[in-house]
Amino acid sequence: MTVVVLLGAPGAGKGTQAAALRERLGCPHIATGDLFRAAVREGTPLGLEARRYMDVGALVPDEVTIGVLRERLAQPDAALGAILDGFPRTAAQADALDALLAERGGSVDIALLIDVPSEELIRRLSGRWICSTAGHVYHAVARPSRTPGVCDVDGSPLIQRDDDREETIRARLARQLGALEEVVEHYRAAGVLHAVDGRRSIEAVTADLLAGLERLDG
Ligand SMILES: [Zn+2]
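Residues numbered from 1 in each chain as written. Predicted model: local features only at pLDDT ≥ 70, side-chain atom pairs only at ≥ 80, totals over all residues. Heavy atoms only, no water.

As for its placement among the helices and strands, glutamate 49 is situated in helix H3 (residues 45–55). For glutamate 49, a relative accessible area of 29% gives the class partly exposed. (Helix = DSSP H or I, 4+ residues; strand = E, 2+ residues; numbered from the N terminus. Buried < 20%, exposed > 50% of the residue type's maximum accessible area, 1.4 Å probe, protein only.)

The following block contains the structure:
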């Protein structure tokens, strides 16, 4: 069983890269959000417990998350391994994951870090503008409207939500990067960290990540 942990800040492009890795490894991409949604949908006891927290907007406790993950990893499609995305988020969760995998005689084989400097993340995350009438989405850098501040489709003014403002993103990212750094250190100490430069093109990042996986075969 090959267990890959995919690490990166919000905006680093993990979702895009996970698809390429899944194809290469032939094992499921397990994103924490989907994991909970599936457990809730199936109405498992742990899923129902997770929902009690999610319904009130609270963080799901680590022991519940680990329980849901244990059940997921026991499913047939994960027999050869899994790509974990969104977990672990803290050093405590990384310890809990190690303990879970040790139950099965395994460990994290490789932690792939898509490394993007915080200023670049802020640039990617904070440029979002939304059409005030129909919700058409633009991005100051990646997908600008033809006329600044005006929707291409219907001519409505574009607005920026509080969540998309630079100062909001800067504050949130500072908290998230602190936790990410702890997790990165955990895997660096374990000798399984493979960091790639996430500022490059999607294809170049994919190639670097796959090169990290090649090492596993050797
Ligand atoms: Zn519009």
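Okay, the coordination of the zinc ion next. Within the protein, the zinc ion binds to Cys131 (SG), His136 (ND1), Cys151 (SG), Asp154 (OD) and Asp154 (OD); these donor distances fall in the range 2.1 to 2.6 Å. Mapped onto the sequence, the residues coordinating the zinc ion show the spacing C-x4-H-x14-C-x2-D. Taken as a pair, cysteine 131 in strand E5 (residues 128–131) and cysteine 151 in the loop between strand E6 (137–139) and strand E7 (158–159) lie far apart in primary sequence, 20 residues in all. Each member of the pair, cysteine 131 as well as cysteine 151, is classed as buried. (Donors = N, O, S within 2.8 Å, 3.2 Å for Na, K, Ca; no water.)

Moving on, we get to the pattern of salt bridges. Where charged atoms from two side chains of opposite charge approach closely, those side chains can pair. Under the definition given, this model contains 17 salt bridges. Measuring nitrogen to oxygen at the nearest pair gives 2.8 Å for the salt bridge that ties arginine 72 to aspartate 77. The exposure class assigned to aspartate 77 is partly exposed, which follows from its relative accessible area of 41%. The closest approach of N and O atoms between aspartate 197 and arginine 199, which form a salt bridge, is 3.1 Å. Judged by relative accessible area, aspartate 197 falls into the partly exposed class, the value being 28%. Connected via shared salt-bridge partners are Glu119, Glu166 and Arg170. (Salt bridge = Lys/Arg side-chain N within 4 Å of Asp/Glu carboxyl O.)

Mapped onto the secondary structure, arginine 72 falls in helix H4 (residues 62–73). We classify arginine 72 as buried; its relative accessible area is 18%. Only 2.8 Å separates the side chain of arginine 72 from the side chain of aspartate 77, close enough to count as a polar contact. The residues touching arginine 72, leaving out its near neighbours within four places in the chain, are Pro28, Ile30, Leu35, Asp77 and Ala78. (Polar contact = N/O pair within 3.5 Å; in protein donor to acceptor, adjacent residues only side chain to side chain. Contact = heavy atoms within 4.5 Å.)

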